[in-house]
Amino acid sequence: LTLSRWVGPKTAAWLHDRVRGISHSAVEPRAPAKQISREETFSRDISTDAQIERELRMLAEKVGSDLRSEGLGARTITVKLRDRNSTTRTASRTLDQTVESDRALVDVAQELLRTLRGPRPVPARLVGVAVSNFGTARDAEQLSIFSTTAPTAQAPERARDRELSRAVDRVRERFGESAIRTGAARRAPVGEKGARKPRD
């Protein structure tokens, strides 16, 4: 009664139901992500190729982990660079098949980074990696660990690349992000901002 006097009977009834978790609205499943991304804004510009590649590798691995946690593979990889003047440039590549492994994502991302850095090798204020054009993750094939079959432009990752990335995910989930490191990547970047874009 008191609430009704304060806000009116209609609003009071609505609040009464909400605080008790009562709703007559239809329950809709979560819409699938259209893009998964990670990016980092630096407090100071980073200028060397080695520094930028290290940050890019770390972000690509985090995107790969996000992708695998959703049971997805992606065909399109995008790299974003922004300089101190807020000039933002992006480069993308769409593959013939979906990929999900860290190795494949890092390889393509670094190729795109070279494309962006070639004509304009200026210091970077922001680096980002995004994946899109999703498909269901590919089931691991039974391949020998000693297999010498190399990835191709049409199939840029092998089954063991996917299995290795999934194994790394399991170790990090159990023992923490710092349990396994690859390259010289930092596991806890300052200023990292990331995750999915708003769902439609």
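Residues numbered from 1 in each chain as written. Predicted model: local features only at pLDDT ≥ 70, side-chain atom pairs only at ≥ 80, totals over all residues. Heavy atoms only, no water.

S.K.: Provide a residue-level description of the packing of helix H3 (residues 49-69) against helix H5 (residues 159-175), including the pertinent values.
M.R.: Across the interface, H3 lies against H5 with an axial gap of 11 Å and an inter-helix angle of 90°. As the angle between them shows, H3 and H5 are arranged roughly perpendicular. The residues of H5 that touch H3, namely those facing Glu61, Ser65 and Arg68, are Ser165, Arg166, Asp169 and Arg172. (Axes fitted to C-alpha atoms, helices over the stretch in contact; angles between N-to-C directions. Helix = DSSP H or I, 4+ residues; strand = E, 2+ residues; numbered from the N terminus. Parallel < 35°, antiparallel > 145°, perpendicular 65-115°, else oblique. Contact = heavy atoms within 4.5 Å.)

S.K.: I'd like to hear about empty space enclosed by the protein, residue by residue, with values.
M.R.: For the structure on display, the rule yields one cavity of 30 Å³ or more. For the largest cavity, the full set of lining residues is Leu81, Arg82, Asp83, Thr87, Arg89, Arg117, Val122, Pro123 and Ala124. Split by residue class, the lining of the largest cavity holds four nonpolar, one polar and four charged. (1 Å grid on protein atoms, 1.4 Å probe; cavity = no way out; pocket = protein on both sides within 12 Å on 5 of 7 lines; lining within 4 Å. Points joined across faces, edges and corners; volume = space filled by probe spheres on them. Nonpolar A, V, L, I, M, F, W, Y, C, P; charged D, E, K, R; others polar.)

S.K.: Residues and numbers for the pairing of strand S3 (residues 88-99), please.
M.R.: Two elements, strand S2 (residues 72-82) and S3, share eight bridges in a ladder whose sense is antiparallel. Bridge pairing links Ala74 to Val99 in S3. Counting the residues between successive antiparallel strands, the hairpin from S2 to S3 contains five residues, one of them, Ser86, with a positive phi of roughly 65°. (Pairing = 2+ DSSP bridges.)

S.K.: Describe the pattern of salt bridges, with residues and values.
M.R.: Using the criterion set out here, one finds 17 salt bridges in the structure. Two residues, Arg120 and Asp83, come together in a salt bridge whose shortest N-O distance is 2.4 Å. With Arg120 in the loop between helix H4 (102-117) and strand S4 (124-136) and Asp83 in the loop between S2 and S3, the pair connects residues that are 37 residues apart, well separated along the chain. In this structure, Arg158 and Asp161 form a salt bridge, with 3.8 Å as the shortest nitrogen-oxygen distance. Each of Arg103, Asp107, Arg158 and Asp161 takes part in one network of salt bridges that share partners. (Salt bridge = Lys/Arg side-chain N within 4 Å of Asp/Glu carboxyl O.)

S.K.: Describe the side chain of Thr78, with residues and values.
M.R.: Tracing the chain through its elements places Thr78 in strand S2. The exposure class of Thr78 is buried, given its relative accessible area of 17%. Within polar-contact distance, the side chain of Thr78 engages the side chain of Ser92 at 2.6 Å. (Buried < 20%, exposed > 50% of the residue type's maximum accessible area, 1.4 Å probe, protein only. Polar contact = N/O pair within 3.5 Å; in protein donor to acceptor, adjacent residues only side chain to side chain.)

S.K.: I'd like a description of the environment of Arg103, backed by residues and values.
M.R.: You can see Arg103 is positioned in helix H4. Looking at Arg103, the relative accessible area reads 27%, which means it is partly exposed. The spatial distance from the C-alpha of Arg103 to the C-alpha of Glu157 is 7.5 Å, given a sequence separation of 54 residues. Within the structure, the side chain of Arg103 is placed 3.0 Å from the side chain of Asp161, a separation counted as a polar contact.

S.K.: Now, about the nonpolar core: what can you tell me, with residues and values included?
M.R.: In this structure, Ile52, Leu56, Ile77, Leu81, Val127 and Val131 are the most contacted members of the largest nonpolar core, which totals 31 residues. The set of elements that each furnish at least two residues to this core consists of strand S1 (35-46), H3, S2, S3, H4 and S4. Not counting the four nearest positions on each side in its chain, Leu56 is found in contact with Val79, Ala109, Gln110, Leu113, Val127, Gly128 and Val129. (Core = buried A, V, L, I, M, F, W, Y, C linked by side-chain atoms within 4.5 Å.)

S.K.: Can you tell me about the confidence of the model for the protein, naming the residues and giving the values?
M.R.: Atom-level detail of predicted coordinates should not be read off regions where pLDDT is low. Considering every residue of the protein, the mean pLDDT works out to 81; 78% of them sit at 70 or more. Averaged over each element, pLDDT in the protein is lowest for strand S5 (residues 192-196) (49) and highest for S2 (96). Confidence over residues 140-150 falls short of pLDDT 50; this stretch has 12 contacts with residues more than four positions distant or in other chains. Counting interchain partners and residues more than four positions distant, the pLDDT-below-50 stretch residues 195-200 has 15 contacts. (pLDDT = per-residue confidence, 0-100.)

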